[in-house]
Amino acid sequence: MLSSVAERVYWLGRYLERVENTARLMSVYSAMLFDLPSGTHIGWGILIDTTGCNEEYEKLHSTMDEKEVVKFLLSERKNTASIMSSVSMMRENARTTREVIPAEAWELINNLYHHLKDNVGRSTGRRARQQILEVVVGDCQRLTGMLASCMSHNTAYSFIEIGRKLERADMTSRMVDVGSITLLPDFSSESKQRLFLEPYENVVWMNVLRCLGGYQAYRQKIHNNVRAEDVVRFLLQDYEFPRAIGYCLCSLDTDLQTLPNHDDVLHAVSRVRKITNSVSVRNLLQRGLLDFIDELQISIADIHEELQHTWFRPV
Amino acid sequence: MPLDWKSYQPGKFYDELISSPGYPRKVCRGLAAYLASLSDEELQQRQESVKHAIKTMGISFTVYSEAGNIDREWPFDIIPRIIPSKEWATTSKGLEQRLHALNCFIHDVYNEGKIFKDKVVPRELIDDSGNYRKQCEGMKPRHKVWAHICGTDLVRDDKGRFMVLEDNLRVPSGVSYMLENRTVTKRVFPEIFENSIIRPIGEYPDYLFDMLSSLSPAGRDKPEIALLTPGIFNSAYFEHSFLAQQMGVELVQGSDLIVEDDIVYMKTINGLARLDVIYRRIDDEFLDPRVFNPDSVLGVAGLMNAWLKGNVGLANAPGAGVADDKVIYTYVPQIIKYYLGEDAILPNVPSFLCVDKKQCQHVLENLDKLVVKPANESGGYGMLMGPKASKKEREEFAAKIRANPRNYMAQPLISLSTAPILNNGKVEPRHVDLRPFILQGKKTYVTPGGLTRVAMVKGSYIVNSSQGGGSKDTWILEEDN
């Protein structure tokens with residue numbers, strides 16, 4: 001397989017995952033905010049933090065109200081991480097790899113793109129927005145199924161899967177970060193808010209799980225109520241739930257082993273695994289997640305670097 | 001109100017569907033009756049679903065403009081154009097004959113030059129040709145074939161005779177639209193296919209693949225084939241990726257390839273992989289920066305040498321464009337006679353060569369009646385439509401002709417045939433041409449039918465998609481016994 005094509009299908013996988021996750025995030029986050037009392041300082045800004053695009057946002061807006069944040073994440077072309085931009089990048093990567101992906105897959109992506117383009121302007125109202133997010137998540141799932149059942153599980157498929165698992169692991173790490181808003185350390189200015197939020201801690205973690213579609217899986221596995229420590233451990237280490245980082249890493253191992261010269265990349269994966277497995281979650285919750293999440297995300301980004309060196313642009 | 005063929009009035013032009021108002025041609029009666037049986041609403045629905053299908057399938061082409069490149073959906077008219085199978089059998093033979101002769105000619109031009117010695121074609125014409133490639137002299141490609149893929153533009157005159165308007169031997173495009181048009185028609189009019197015997201066209205990618213395989217260097221029996229595209233911003237990128245997908249071959253850009261020791265390799269995740277045949281969709285000048293345009297980033301350094309050494313097959317061969325020159329075109333009947341000893345089955349459109357003083361004088365005196373074309377342009381660019389041009393435009397053009405007569409030829413304005421299109425629920429005549437595709441490698445293949453291009457603007461003769469043309473599905477239909 002051509003290096004350039006491998007890179008494009010890898011990004012196709014990443015954008016597919018990014019689109020679905022962003023849509024899930026927005027839809028669950030809306031639902032969560034309805035559960036929290038209106039005096040909470042948890043606002044829509046957290047969505048911007050989670051997707052890591054504060055800088056771009058601040059260039060365009062000075063406040064963070066619902067309408068602006070939603071538009072920014074859903075339809076803003078100037079935001080490279082918005083659903084519209086990601087779908088359009090996904091389409092571009094599909095368009096330039098049509099010779100290796102099934103024709104139906106291209107049609108589905110192309111249709112989703114046109115559907116969004118035609119409807120996204122009208123969807124700032126909560127109901128319309130919910131509908132459009134459902135279409136996005138549904139189409140991503142259809143695409144996943146279509147690729148799994150209609151595409152040869154060949155090298156191109158492996159690269160799509162690698163892109164998806166990597167993007168997903170990254171997103172799950174961000175979601176853990178979201179949950180930790182209830183765990184703000186006792187800095188004096190924020191301690192009041194923490195006290196205020198404490199009764200809602202479970203609500204937040206429950207919604208993090210929902211956002212990842214993992215609420216049921218969690219209940220079945222943990223046999224306990226939703227508790228921060230269990231949720232974080234589940235999301236970092238579980239190797240059965242597909243959106244847990246543990247699972248993503250296992251699956252990456254399997255996909256990578258189908259490819260030639262995979263040693264360096266496998267090493268990069270095992271470095272991430274070391275970070276997630278060796279951490280004491282209890283200590284972590286006490287001292288705050290900030291540094292840990294940073295370290296985790298950097299190590300995930302390292303996998304991407306290794307992919308580049310090994311297959312996309314070898315020097 | 002359903003369609004009324006009586007109100008369809010093509011006037012003095014030869015019409016593809018009717019012989020006179022209200023009377024469809026024999027082979028078209030089934031289609032005409034079927035269309036008339038649909039209500040306005042049903043027709044409307046069909047047209048909507050065509051639009052939708054084209055959008056979904058992502059059939060597009062790129063229009064270059066100052067405001068940036070725009071990906072446009074392919075303009076398509078739902079009423080198919082029908083050609084009787086018997087008429088097509090002769091036309092198809094004529095196309096084969098023409099390409100065989102042109103390939104003999106190109107091979108002769110770069111080798112012995114017998115045709116010049118025998119004074120059938122003047123050698124000066126070649127020396128002045130912008131498409132002659134000195135680097136190809138002495139080259140003997142496999143099967144002695146240079147132009148492997150040819151798109152020949154046919155038009156009908158007012159009597160309905162097919163004539164050759166031009167041969168496209170460099171990088172002809174449009175075949176993917178021919179194939180997709182059929183797919184769209186099947187989606188929209190599945191009923192018609194039940195009762196008609198329409199010659200299938202879907203096997204084109206198979207023939208193309210076989211032809212490309214036959215160009216592989218000796219001893220490479222499972223050849224690695226790739227389609228070389230200028231990239232995603234090229235107007236024909238859709239077609240490049242479509243054909244690569246249909247044939248299951250790699251779609252590559254220049255940056256994916258490297259030449260080492262006169263062997264072409266692809267950069268893959270396994271390292272370098274040898275490439276045997278390249279279906280190149282970039283022009284000669286950009287193929288190899290070492291030999292042609294040194295600034296080209298589209299091609300591959302060293303590719304020409306690899307080809308000259310016989311280590312890689314190139315379709316079409318560099319230099320094949322020497323026969324795709326509007327001045328050489330006028331000699332094609334003699335070229336056929338010279339190499340094959342046969343009369344041309346398909347006539348040329350009568351032409352005047354500006355390089356000939358007498359003919360040039362005639363052209364300059366009759367600019368208001370003639371279409372003047374530059375020798376080396378394609379896509380309908382740089383030509384003068386005499387009858388429609390202003391006096392000032394004609395004068396400016398006359399100056400260009402006087403400055404470089406070799407570069408121009410002129411033809412009378414042919415009254416292109418018409419075919420009905422659906423416009424706001426009514427059928428209206430529009431001018432059409434036809435581009436069949438001919439393959440020649442070890443064997444020869446002609447597409448049944450081809451791409452019918454339509455001038456969507458009323459009265460216009462311009463069918464190029466870059467200038468507002470559309471297209472139709474084209475059926476070669478068996479006549480009932």
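In this text, all values refer to a predicted model and were calculated from it rather than measured experimentally. Here, residues in each chain are numbered from 1, in the same order as that chain's written sequence. Here the convention is simple: chains get letters from A, ligands get numbers from 1, in the order in which they are written. Where totals are concerned, whole chains, interfaces and linings use all residues; where local detail is concerned, this predicted model gives features only for residues with pLDDT of at least 70, and gives and counts side-chain atom pairs only at 80 or more. Side-chain figures throughout are based on the complete set of non-hydrogen atoms in the structure, without hydrogens or water.

**Let's talk about the overall build of chain A**
A run of H or I in DSSP becomes a helix once it reaches four residues, and a run of E becomes a strand once it reaches two; helices and strands are each numbered from the N terminus. Along the backbone of chain A there are 16 helices and zero strands. Values of the radius of gyration come from C-alpha atoms, whereas the globule rule sets the reference at 2.2 Å times the count of residues to the power 0.38. Taken against the 2.2 N^0.38 rule, which gives 20 Å for 315 residues, the C-alpha radius of gyration of chain A at 19 Å falls within 12% of a compact globule. With respect to the principal axes defined by its C-alpha atoms, chain A has extents near 55 × 45 × 40 Å. Here's how the labels work: a residue is buried when its accessible area is under 20% of the maximum for its type, exposed when over 50%, partly exposed in between, all with a 1.4 Å probe on protein chains only. Classification of the 315 residues of chain A by burial places 58% in the buried group. Of the contacts formed within chain A by residues at least 6 apart in sequence, a portion of 65% connects residues at least 24 apart. For chain A, the computed accessible surface area is about 13,700 Å², with 49% contributed by carbon and sulfur atoms. Throughout, a contact is declared for two residues whenever any of their heavy atoms are within 4.5 Å. Areas reported as accessible are Shrake-Rupley estimates using a 1.4 Å probe. Residue values count occlusion only from the protein chains shown.

**What to know about helix α8 (residues 204-213) of chain B**
Within α8(B) the residues assigned to the buried category are B:Tyr204, B:Pro205, B:Leu208, B:Met211 and B:Leu212. Relative to the axis of α8(B), the buried residues are bounded by an arc of 125 degrees and lie together on one face. Each direction from the helix axis to a C-beta atom contributes to the arc, which is the arc of those directions.

**Observations concerning the domain arrangement of chain B**
All names here are of chain B. Each assigned domain of chain B is listed with its residue range as follows: domain 1 (93-148 + 203-340) and domain 2 (352-412). Source of the domain bounds: an automatic or database domain assignment. The gap between the C-alpha centroids of domain 1 and domain 2 is 30 Å. Each side of the interface is counted separately: domain 1 has twelve residues, and domain 2 has eleven residues. Carbon and sulfur atoms supply 56% of the area buried between domain 1 and domain 2, which totals about 910 Å² over both sides. When a carboxyl oxygen of Asp or Glu is within 4 Å of a side-chain nitrogen of Lys or Arg, the pair counts as a salt bridge. Along the contact surface separating domain 1 from domain 2 lie one salt bridge. We note a salt bridge from arginine 406 to aspartate 325, for which the minimum N-O separation is 3.0 Å. Polar contact is defined as a pair of N or O atoms within 3.5 Å, subject to the rule that within protein one atom must be able to donate a hydrogen and the other to accept it, and that residues adjacent in sequence are counted only when both atoms are side-chain atoms. Inspection of the region where domain 1 meets domain 2 yields two residue pairs in polar contact (both at pLDDT 80 or more). With three residues, helix α12 (residues 326-329) is the largest single contributor of residues to the side of domain 1 that touches domain 2. Values labelled buried area give the accessible surface lost by two parts on being combined, using a 1.4 Å probe and summing over both.

**With respect to the pairing of strand β10 (residues 257-260) of chain B**
Residues and elements named next belong to chain B. Alternating residues of β10 divide into Leu257 and Val259, all buried, and Ile258 and Glu260, none buried. Between any two strands, at least two bridges found by DSSP are needed for them to pair. Pairing of β10 with strand β11 (residues 263-268) involves four bridges; the strand directions are antiparallel. Looking at β11, one finds that valine 259 is bridged to valine 264. Joining the antiparallel neighbours β10 and β11 is a turn of two residues, in which aspartate 261 adopts a positive phi near 50 degrees.

**A few points about the nonpolar core**
Residue and element names in this part refer to chain A. Here, nonpolar core means buried Ala, Val, Leu, Ile, Met, Phe, Trp, Tyr and Cys residues that are tied together by side-chain atoms lying within 4.5 Å of each other. Judged by nonpolar contacts, the single largest core of 177 residues is most densely connected at Ile83 and Phe159. With 15 residues, helix α1 (residues 3-35) is the largest single contributor of residues to this core. Among all residues touching isoleucine 83, those that are not within four sequence positions of it are Val19, Thr22, Ala23, Met26, Leu73, Leu74, Leu116, Leu133 and Val136.

**So, the sheet that holds β11(B)**
Residue and element names in this part refer to chain B. Across the sheet, three strands lie side by side as β10-β11-β12; this open sheet has antiparallel pairing. Every interior strand has two partners, whereas the edge strands, β10 and β12 (271-274), have only one. Each strand axis lies, on average, 40 degrees off the axis of its neighbour in the sheet, ignoring direction. Lines fitted to the C-alpha atoms define the axes, with helices restricted to the stretch that makes contact. Angles between their N-to-C directions range from 0 to 180 degrees.

**Describing the interface of chain A and chain B**
Often the size quoted for an interface is simply the accessible area lost on bringing the parts together. With 25 residues of chain A in contact, the opposing surface of chain B contributes 25 residues. Among the residues of chain A in contact with chain B, A:Leu2, A:Arg98 and A:Glu99 are the three that bury the most area, contributing 32% of the side total. The interface formed by chain A and chain B holds two salt bridges in total. Residue B:Arg187 pairs with A:Glu107 through a salt bridge whose shortest N-O separation is 3.2 Å. Along the contact surface separating chain A from chain B lie 14 residue pairs in polar contact (both at pLDDT 80 or more).

**As for the packing of helix α6 (residues 103-119) of chain A against helix α7 (residues 126-150) of chain A**
All names here are of chain A. Running from N to C, α6 and α7 point in directions that differ by 170 degrees, and their axes come no closer than 10 Å. Taken together, the axes of α6 and α7 are roughly antiparallel relative to one another. Across the interface between the two elements, Glu104, Ala105, Leu108, Ile109, Leu112, His115, Leu116 and Asn119 from α6 touch Ile132, Val135, Val136, Asp139, Arg142, Leu143, Met146 and Leu147 from α7. Amino acids are sorted into nonpolar (Ala, Val, Leu, Ile, Met, Phe, Trp, Tyr, Cys and Pro), charged (Asp, Glu, Lys and Arg) and polar (every other residue, Gly among them). When grouped by side-chain class, the residues that make up the contact of α6 with α7 number eleven nonpolar, two polar and three charged. Convention used here: angles under 35 degrees read as roughly parallel, angles over 145 as roughly antiparallel, angles from 65 to 115 as roughly perpendicular, and any remaining angle as oblique.

**A look at the sheet that holds strand β8 (residues 225-228) of chain B**
All names here are of chain B. Read from one edge of the open sheet, four strands run β9-β8-β13-β14, paired in parallel fashion. Every other strand in the sheet has two partners, leaving β9 (250-252) and β14 (313-315) as the edge strands with one partner each. The average angle at which neighbouring strand axes cross in this sheet is 25 degrees, direction not considered. Docked against the sheet, helix α9 (residues 237-247) engages β8, β9 and β13 (277-280), running at close to 150 degrees with respect to β9.

**Structural notes on a negative patch on the surface**
Residues and elements named next belong to chain A. A cluster of acidic residues, Asp49, Asp177, Asp291, Asp294 and Glu295, forms a negative patch at the surface. In terms of residue count, the dominant contributor to the negative patch is helix α16 (residues 290-312) (three residues). Topologically, aspartate 294 is positioned in helix α16. For patches, a residue must show more than 30% relative accessible area and have no salt bridge; joins then use 9 Å for like charges and 5 Å for nonpolar side chains, namely Val, Leu, Ile, Met, Phe, Trp and Tyr. Residues counted as positive are Lys and Arg, residues counted as negative are Asp and Glu, and His and the chain ends are not counted. One atom stands in for each charge, and that atom is NZ of Lys, CZ of Arg, CG of Asp or CD of Glu.

**Quick word on the environment of A:Val272**
All names here are of chain A. Positionally, valine 272 belongs in helix α14 (residues 263-278). Valine 272 gets classed as buried once you look at its relative accessible area, which sits at 0%. In sequence terms valine 272 and leucine 108 are 164 residues apart; their C-alpha atoms lie 34 Å from each other. Filtering out sequence-adjacent residues up to four positions away, valine 272 remains in contact with Leu249, Leu296, Ser299, Ile300 and Ile303.

**Notes on the environment of B:Arg280**
Residues and elements named next belong to chain B. Within the secondary structure layout, arginine 280 lies in strand β13. Placed 31 residues apart in sequence, arginine 280 and valine 249 show a C-alpha to C-alpha distance of 13 Å. In this view, arginine 280 contacts Val171, Leu228, Leu287, Leu314, Ala315, Asn316, Ala317 and Pro318; residues no more than four positions away in its chain are not counted. In terms of polar contacts, arginine 280 uses its side chain to reach the backbone carbonyl oxygen of isoleucine 282, at 2.8 Å. Within the local environment of arginine 280, its side chain forms a polar contact with the side chain of aspartate 284, the two groups lying 2.7 Å apart.

**As for the state of the cysteines**
Covalent bonding between the sulfur atoms of two cysteines is what defines a disulfide. Any pair of cysteine sulfurs within 2.5 Å is marked as a disulfide. Summed over the entire model, instances satisfying the criterion amount to zero disulfides over all chains. For A:Cys248, which is in no disulfide, the shortest distance to another cysteine sulfur is to A:Cys250 and amounts to 9.5 Å. Residue B:Cys104 stays outside any disulfide, its sulfur separated by 14 Å from that of B:Cys150, the closest cysteine. By relative accessible area, which is 32% here, B:Cys104 ends up partly exposed.

**Looking at the environment of B:Ala301**
Residues and elements named next belong to chain B. In this fold, alanine 301 is placed in the loop between α10 (284-287) and α11 (303-308). Relative accessible area serves as the criterion here: at 30%, alanine 301 is assigned to the partly exposed category. Separated by 101 residues in the primary sequence, alanine 301 and proline 200 place their C-alpha atoms 41 Å from one another. If sequence neighbours within four positions are ignored, alanine 301 has contacts with Val259, Asp288, Pro289 and Arg290.

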